[in-house]
Amino acid sequence: MNPLGQSSPAITATHEGRFPARPGFPGAWEELLQTSAAWQELDCAKYLATWCGHAPDHVVGRLAGVNHIGVYMGDYGGDEEIFDWHTHLNELKTTGPVTSVEMGPSYISPRQYGTPGWWNSVTLADGRVIEMFACRRFGPWARRPAEEKGRLMSHVAIAVRTGDDVRHVLDTLESEAGHLETIAYTEADEVGHTYGHLRNNDSGTVLEIVYEEPRDGTGHADGRH
């Protein structure tokens, strides 16, 4: 399946604009699984060409497939809503479909959009990674349309073959396409991941480029950054 280049991974909670309450958690989880599966086989070269209108061969040759998807789950009013979701994800870990659960504060939403936020990340038994984002209903962010919020926070993350490839892809696309802007970059974090986020300022959508250092000689990384 090849989703449209101007679209982003999404679930119903994103369209409604509010973070789901506990009765809606099972449905939201099923949507996340379906969305992850749909995006996993994305043709990254075609997506990049459509997303930014610019996909030179020396960039495409560095792409190595979908690393993970990030989905905006809506605005929250209090942190307890996010903690409740985190508890639900840990409950899923005890039943088998999830092998790891992580959580932390967003660094993009305060710097770019003036509101605090949280991320949760899970790794599935088959190795897929799903990241979930939420921002507090606060300040100018609260007045943005729900669809716009989803575009700004949801994204697909495309893997590249080396850490140096991340900087090369970001710099090339930003310099050769004036509507693209690098809004975050981290080099070799505590688990060996190098990644950066590009925002298309024409469409208001985001793309992540990421490299994961293989672990334990398996050729696989843990998927979190």
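The rules behind these values
- Position numbers for residues start from 1 in each chain and track the written sequence from start to end.
- Local features are withheld for residues below a pLDDT of 70 in this predicted model, meaning they are given only at 70 or higher, and side-chain atom pairs are given and counted only at 80 or more; totals for whole chains, interfaces and linings count all residues.
- Hydrogens and water are ignored here; the side-chain numbers use all heavy atoms of the structure.
- pLDDT is a residue-level measure of predictor confidence that goes from 0 to 100.
- Residue contacts follow a heavy-atom distance rule, with two residues in contact if any of their heavy atoms lie within 4.5 Å.
- We count a stretch as a helix when DSSP gives it H or I for four or more residues in a row; a strand needs E for two or more, and each element gets its number in order from the N terminus.
- Interaxial angles span 0 to 180 degrees and are taken between N-to-C directions of axes, which are lines fitted to C-alpha atoms, for helices over the stretch in contact.
- Here is the rule for angles: anything less than 35 degrees is roughly parallel, anything more than 145 is roughly antiparallel, 65 through 115 is roughly perpendicular, and the remaining ranges are oblique.
- Two helices that cross are described as forming a left-handed crossing if the nearer one is turned anticlockwise from the farther one by less than a right angle, and a right-handed crossing if clockwise.
- Following the grouping adopted for this structure description, the nonpolar residues are Ala, Val, Leu, Ile, Met, Phe, Trp, Tyr, Cys and Pro, the charged ones are Asp, Glu, Lys and Arg, and the polar ones are all others, Gly among them.
- Salt bridge criterion: a side-chain nitrogen from Lys or Arg within 4 Å of a carboxyl oxygen from Asp or Glu.
- With a 1.4 Å probe rolled over the protein chains alone, any residue whose accessible area is under 20% of its type maximum counts as buried; one over 50% counts as exposed, and the rest are partly exposed.
- Arc, as used here, means the arc of the directions from the helix axis to the C-beta atoms.
- Whenever two N or O atoms come within 3.5 Å, that pair is a polar contact, provided that in protein one can donate a hydrogen and the other can accept it, and provided that, for residues adjacent in sequence, both atoms are side-chain atoms.
- Paired strands, in this sense, are two strands between which DSSP finds at least two bridges.

Side note on the confidence of the model for the protein
Piece 1. This prediction gives the protein a mean pLDDT of 90; 90% of its residues lie at or above 70.
Piece 2. In this model, residues 217–225 is a region of pLDDT below 50 whose contacts with residues beyond four sequence positions or in other chains number 32 contacts.

Regarding the environment of Phe-83
Piece 1. One can find Phe-83 in helix α5 (residues 79–95).
Piece 2. Ignoring anything within four residues of it in the chain, the contact list for Phe-83 reads Met-103 and Trp-118.

Considering the packing of helix α2 (residues 25–40) against α5
Piece 1. Orientation of α2 relative to α5, taken along the N-to-C sense of each, is 65°, at an axis distance of 11 Å. Here α2 lies roughly perpendicular to α5, going by the angle between them. As for the relative orientation of α2 and α5, their crossing is right-handed in sense. When α2 is examined against α5, the residues Phe-25, Pro-26, Ala-28, Trp-29 and Leu-32 are found in contact with a partner set consisting of Asp-84, Trp-85, His-88, Leu-89 and Leu-92.
Piece 2. Considered class by class, the residues forming the contact of α2 with α5 number eight nonpolar, one polar and one charged.

Things to note about the pattern of salt bridges
Piece 1. Applying the stated criterion across every chain yields a total of 10 salt bridges.
Piece 2. Linking Asp-126 and Arg-128 is a salt bridge whose minimum nitrogen-to-oxygen distance equals 2.9 Å.
Piece 3. By relative accessible area, which is 17% here, Arg-128 ends up buried.
Piece 4. If you follow the salt bridges from partner to partner, you end up with Arg-22, Asp-84 and Glu-91 in one network.

A look at helix α3 (residues 44–52)
Piece 1. Among the residues making up α3, those that are buried are Cys-44, Tyr-47, Leu-48, Trp-51 and Cys-52. On an axial view of α3, the arc spanned by its buried residues comes to 100°, and they lie on one face.
Piece 2. For α3, the side-chain oxygen to backbone nitrogen distance between the N-cap and Ala-45 is 3.3 Å, and the N-cap itself is Asp-43.
Piece 3. Among the residues trailing α3, Gly-53 stands out with phi positive, at a value near 75°.

A closer look at the sheet that holds strand β3 (residues 117–124)
Piece 1. Reading across the sheet, the eight strands line up as β2-β3-β4-β1-β5-β8-β7-β6 and stay open at both edges, with mixed pairing between neighbours. Edge strands, defined here as strands with exactly one partner in the open sheet, are β2 (98–105) and β6 (180–186). Here the average twist between neighbouring strands, direction ignored, is 20°.
Piece 2. With eight bridges joining them, strand β7 (residues 193–200) and strand β8 (residues 205–212) adopt antiparallel strand pairing. Opposite Asn-200, over in β8, you have Thr-205 as the bridge partner.

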